[in-house]
Structure formats: structure tokens, C-alpha cells
Amino acid sequence: MVAGGVRARKNAPPREDVLVAAMATIAERGLDGLTMAGLGRQVGMSSGHLLYYFRSKDELLLQTLEWSEAALGGERRALLSRRGPVRERLAAYVDLYVPQYARDPHWTLWLEVWNRSQNAGPEERERQAAIEGAWHRDLVALLAEGISRGEFRPVDAERFAARTRALLDGFSIQLAVGLPGLSRAEILEHVREFLTEGLAPDGGASRT
């Protein structure tokens, strides 16, 4: 049993290669096209070896989401650290948050992980909460900066961030699952209007 585990570790591709392959499969064929056997063939591992490393498909999906979120987190931190008006960085945050198109692979994965979280244990739920927490903290910090610089009216940054993200999630889910109605451009305009009305110091005359 120990010898088999050593061979599995020796012959396994880098963990990130498996996660990249999983995300690429979701992008090309959707979640239905992602199977442990098929993924194993892509990376040169048996489905048994994949289960040895990830324990379950649920764990594979969560680790893939965490890997994807790490990349998005780096992009988010880079745009939030730019110089210039806070309102421009807030618009960039929103643009990064909202799916690019229907069945966006990152959002498809996010929705699946959260759907499966009904049966997740406390550790998995904490990891999911960490993903949400990073987005929330960055938004709170951005709002607080805008308030301190006089670009935004003095709102409660925590409460306003919670409402903003609820709005973003609602619109994003509609777009991600491909419901007819609002386009991405229309969603961004709705969010822009909400932010302007809620944050503009003069009650909405400036454009956020």
C-alpha cells in the first residue's frame, strides 16, 4: 500500500496541471464533460490515482475553483492598486466580477461548487467562505478609500459592500446560466446606476 502511494506521487503530474486541465475541460465541454476517467486520460493518470490525490470529485472541483480564484485574486489586487480615481477602480472591480458571457467556465464551476456545498463539511464550507471573504474585503477597502478621499458619500462600507455583492451575484447568475433578457452591457449599466445613486456625494450627479 505504501509502495503504491510512492509510485502514484512519483508518476503524478504537477497538481496545477490537473487543475488547468479540469478548467479547460469545463470551458470546452461544460461540467458534464468533466469526469475523473476523462481527466485522468488527459494528464496521464488513472481515475484511481486522481481520487488518491483529490479524494472525490467534489474536492477536485473545489481545488480547481480555489486555483482559478487565486488567479483572479491577483488580477483584482493589481487593478485595485492602480493610481487614479477610486470610482474607476470600482468599475474595474465590477467588470472583473461579472461573467464575461453565458456559461462562463469560472462561474459555471462556482455555481456547481456552491450547489454541492449543501453536503459539504465544515472545512469545505470555510474554504468556500474564504473565497467570498476575499472579494468582500477588497470591496470594503475600496469603498472606504473612496469615502476617505471624498469621492463617495459616507456610507457604511460593510453594509454597502454586502448589498452591492448581492446585486452582482443576482445579475451574474442570470448571465452565467444563460437566461434570456439582460445582456452583460445592460447588467453593467444597472450596477453603475446603483453605485452612482448610492455613493455620489451630490446624490447622483457624478458618474461612478
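As shown above, the structure is provided for reference.
Residues numbered from 1 in each chain as written. Predicted model: local features only at pLDDT ≥ 70, side-chain atom pairs only at ≥ 80, totals over all residues. Heavy atoms only, no water.

Draft legend 1. How the structure looks around the nonpolar core. If you look at the biggest cluster of nonpolar residues, it comprises 51 residues, and the most contacted ones within it are Val 18, Leu 39, Leu 90, Tyr 93 and Leu 143. Non-local contacts of Tyr 93, meaning those with residues more than four positions away in its chain, are made with Arg 76, Leu 79, Leu 80, Trp 135, His 136, Asp 138, Leu 139, Leu 142, Arg 165 and Leu 168. (Core = buried A, V, L, I, M, F, W, Y, C linked by side-chain atoms within 4.5 Å. Buried < 20%, exposed > 50% of the residue type's maximum accessible area, 1.4 Å probe, protein only. Contact = heavy atoms within 4.5 Å.)

Draft legend 2. The pattern of salt bridges, seen in detail. Applying the stated criterion across every chain yields a total of 14 salt bridges. In this structure, Glu 28 and Arg 29 form a salt bridge, with 3.9 Å as the shortest nitrogen-oxygen distance. Exposure remark for Arg 29: the relative accessible area of 48% places this residue in the partly exposed category. For Arg 76, the salt bridge is made with Asp 138, and the minimal N-O distance between the two is 2.6 Å. In this pair, Arg 76 is assigned in helix 5 (residues 57–80) and Asp 138 in helix 8 (residues 122–148), connecting sequence segments 62 residues apart. For the pair shown, Arg 76 and Asp 138 are each scored as buried. (Salt bridge = Lys/Arg side-chain N within 4 Å of Asp/Glu carboxyl O. Helix = DSSP H or I, 4+ residues; strand = E, 2+ residues; numbered from the N terminus.)

Draft legend 3. Representation of the packing of aromatic side chains in the model. A full pass over the atoms with the stated rule returns 8 aromatic pairs. When the centroid spacing of 4.9 Å and the interplanar angle of 55° are considered together, the rings of Trp 107 and Trp 110 count as tilted. Here Trp 107 pairs with Trp 110, and both are found in helix 7 (residues 105–116), just 3 residues apart, close to one helical turn. Side by side, Trp 107 and Trp 110 carry an identical accessibility label, which is buried. Each residue in the set Tyr 93, Tyr 97, Trp 107, Trp 110, Trp 114 and Trp 135 is aromatic and connected to the rest through ring pairs, giving one cluster. Over the ring of Trp 135 we find Arg 76; its NZ or CZ atom is 4.2 Å from the centre of that ring. (Phe/Tyr/Trp six-rings, centres within 6.5 Å; stacked < 30°, edge-to-face > 60°. Lys NZ or Arg CZ within 6 Å of the ring centre and 35° of its normal.)

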